[in-house]
Amino acid sequence: MPKRNVPRPAAVYGIDIGNIFHVVGLGSDGVPVQKVRFRRDTLLQFFARAAPAIVGMESCAGSQWIARKIQALGHKVRLIPAQFVKPYVKSNKSDVIDAEAIAEAATRPTMRFAALKSEEQADLQALHRVRDQMIGTRTRLINQMRAFCLEYGIALRQGAGLFKLDLPQVLEDQSNDLSPAMRKLLANLFADLRQLEHRIGDLTREIEAIANREDVARRLMTIPGIGALGATALLAAIGNGRQFHKARDLAAWLGLVPREYSTGGKQRLLGISKRGNRYVRKLLVHGARSCFRHLDRTRDRLGSWLDGLQDRMHPNKAVVALAAKMARIVWVVLTKPGALYERRDPAFT
């Protein structure tokens, strides 16, 4: 009897995520041995029957949930940033070609992968994102009300605190040029602003409660310039930090180190790269700026380092350098159990 062609087992799978999931399996020699597509409800059934293998997919919306489910089935999941997959796409683009490129990228020994997030990290990150979105909405709402007042010749002082003091007085002043319709509209918008600030306060208190409850967050808050928001945002973004091999890798991932454009043996360093998590980088820079202004430099070991930094560069550069150092200290605290920022410990200088 003729022998049946039994497909070889795949050692690596690449998944192109979409409404329909395209899966390409590569053999141990890197040759495609399987090309299939599934709906969302049948994808997990396929991997439940498949032998343990490496499963690669692009890091995008929905990838974290799928990665956790597939990893629970015994596979090794690797999430790859989309920009690192593109060089492996050959010629034309299709869903199958994308899945094959993902599978090939997942096998590269020097590839950089995104860390899998737990459900707790996803929940915490969602709190931060919703709070940040509300703060942006608050700023837009204040700017809109200030612009409406300017159309009637009323200039309000800048700053959210001063605006909240001035607007009620403007609404009560019947001698100004506000029309009745605009006065009513501004009153309604101001009520929306107060309700929005109440929700922001609730989210802030919830995040602070999590920070006070988590031991790792409390250790991060011992670092100058890092409070409850910064500590919990770091935990949500990087977890235990062990996906970074050294402290500088975390600072580089956050975009706090210079971009490099070197050629011909001549090194050229540019401004900071601003890559990675923009929200966490913003919190670290703001914390560094506060630390730069208010830190007691006579009592903290960072003081002499900051004095020397301030003498030789612009204050803005010094603030970013301090933020990069804070990121390095964060990596030490996360990756070394029991580590605390000690103000007289030379290991953090």
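Residues numbered from 1 in each chain as written. Predicted model: local features only at pLDDT ≥ 70, side-chain atom pairs only at ≥ 80, totals over all residues. Heavy atoms only, no water.

> Sorry, what's going on with helix H5 (residues 119-150) here?
Side chains that are three or four residues apart share a direction in an α-helix, a result of its 3.6 residues per turn. Relative to the 46 Å expected for 32 residues at 1.5 Å per residue, H5 spans 47 Å between its end C-alpha atoms, a close match to the ideal helical length. Three or more residues of H5 are buried, namely Gln-121, Leu-124, Gln-125, Leu-127, His-128, Arg-131, Met-134, Leu-141, Ile-142, Met-145, Arg-146 and Cys-149. Contacts from the buried residues of H5 go to helix H6 (160-172), helix H7 (180-213), helix H9 (228-238) and helix H11 (278-294). (Helix = DSSP H or I, 4+ residues; strand = E, 2+ residues; numbered from the N terminus. Expected span 1.5 Å × (residues − 1). Buried < 20%, exposed > 50% of the residue type's maximum accessible area, 1.4 Å probe, protein only. Contact = heavy atoms within 4.5 Å.)

> Help me understand a positive patch on the surface in this model?
On the surface, a cluster of positive charge is made up of Arg-112, Arg-259, Lys-266, Arg-268 and Arg-275. Within the secondary structure, Arg-275 is located in the loop between strand S7 (269-272) and H11. (Patch = residues over 30% accessible without salt bridge, like charges linked within 9 Å, V, L, I, M, F, W, Y side chains within 5 Å. Areas by Shrake-Rupley, 256 points an atom, 1.4 Å probe, with all protein chains shown as cover. Salt bridge = Lys/Arg side-chain N within 4 Å of Asp/Glu carboxyl O. Lys, Arg positive; Asp, Glu negative; His and termini not counted. Charge placed at Lys NZ, Arg CZ, Asp CG, Glu CD.)

> Could you clarify how one ought to interpret the packing of H5 against H9 in this entry?
The description of two packed helices rests on the angle between their axes and on the distance between the axes. The geometry of H5 relative to H9 is characterised by a closest axis approach of 8 Å and an angle of 130 degrees between their N-to-C directions. It follows from the interaxial angle that H5 and H9 lie oblique. Crossing handedness for the pair H5 and H9: left-handed. Counted together, Gln-121, Leu-124, Gln-125, His-128 and Arg-131 of H5 and Leu-229, Thr-232, Ala-233, Leu-235, Ala-236, Ala-237 and Ile-238 of H9 form the full contact between these two elements. Looking at side-chain class alone, the contact of H5 with H9 contains seven nonpolar, four polar and one charged residues. (Axes fitted to C-alpha atoms, helices over the stretch in contact; angles between N-to-C directions. Parallel < 35°, antiparallel > 145°, perpendicular 65-115°, else oblique. Left-handed = near helix turned anticlockwise from the far one by under 90°. Nonpolar A, V, L, I, M, F, W, Y, C, P; charged D, E, K, R; others polar.)

> Quick question: what am I supposed to make of the pairing of strand S5 (residues 76-80) here?
In regular strands, side chains alternate between the two faces of the sheet. With four of its five residues buried, S5 lies for the most part within the structure. Here strand S4 (residues 54-58) runs beside S5; their pairing, made up of five bridges, is parallel. Counted as the bridge partner of Gly-56 is Arg-78 from S5. Following the backbone out of S4, through helix H2 (residues 63-72) and into the adjacent parallel S5, one traces a crossover that is right-handed. (Pairing = 2+ DSSP bridges. Right-handed = clockwise from strand over helix to strand, strands pointing away.)

> Explain the packing of aromatic side chains here, please?
The geometry of two aromatic rings is summed up by the distance between their centres and the angle between their planes. Inspection of the entire model under this criterion finds five aromatic pairs. Seen in terms of ring centroids, Tyr-13 and Phe-46 are 5.7 Å apart; in terms of plane orientation they differ by 90 degrees. Their pairing is edge-to-face. You can see Tyr-13 sitting in strand S1 (residues 12-16) and its partner Phe-46 sitting in helix H1 (residues 40-49), a full 33 residues away along the chain. Among the residues examined, Tyr-13 registers a relative accessible area of 5% and is labelled buried. Its relative accessible area of 11% is what places Phe-46 among the buried residues. Ring geometry for Tyr-13 against Phe-47: centres 5.3 Å apart, planes inclined by 85 degrees, an arrangement best described as edge-to-face. Remark: Phe-47 occurs in helix H1 and Tyr-13 occurs in strand S1; sequence separation between them is 34 residues. Like Tyr-13, the residue Phe-47 is buried in the burial classification. Taken together, the ring pairs connect Tyr-13, Phe-38, Phe-46 and Phe-47 into an aromatic cluster. (Phe/Tyr/Trp six-rings, centres within 6.5 Å; stacked < 30°, edge-to-face > 60°.)

> Quick question: what am I supposed to make of a negative patch on the surface here?
A cluster of like negative charges, contributed by Glu-119, Glu-120, Asp-123 and Glu-214, occupies part of the molecular surface. Following the sequence through the fold, Glu-120 ends up in helix H5.

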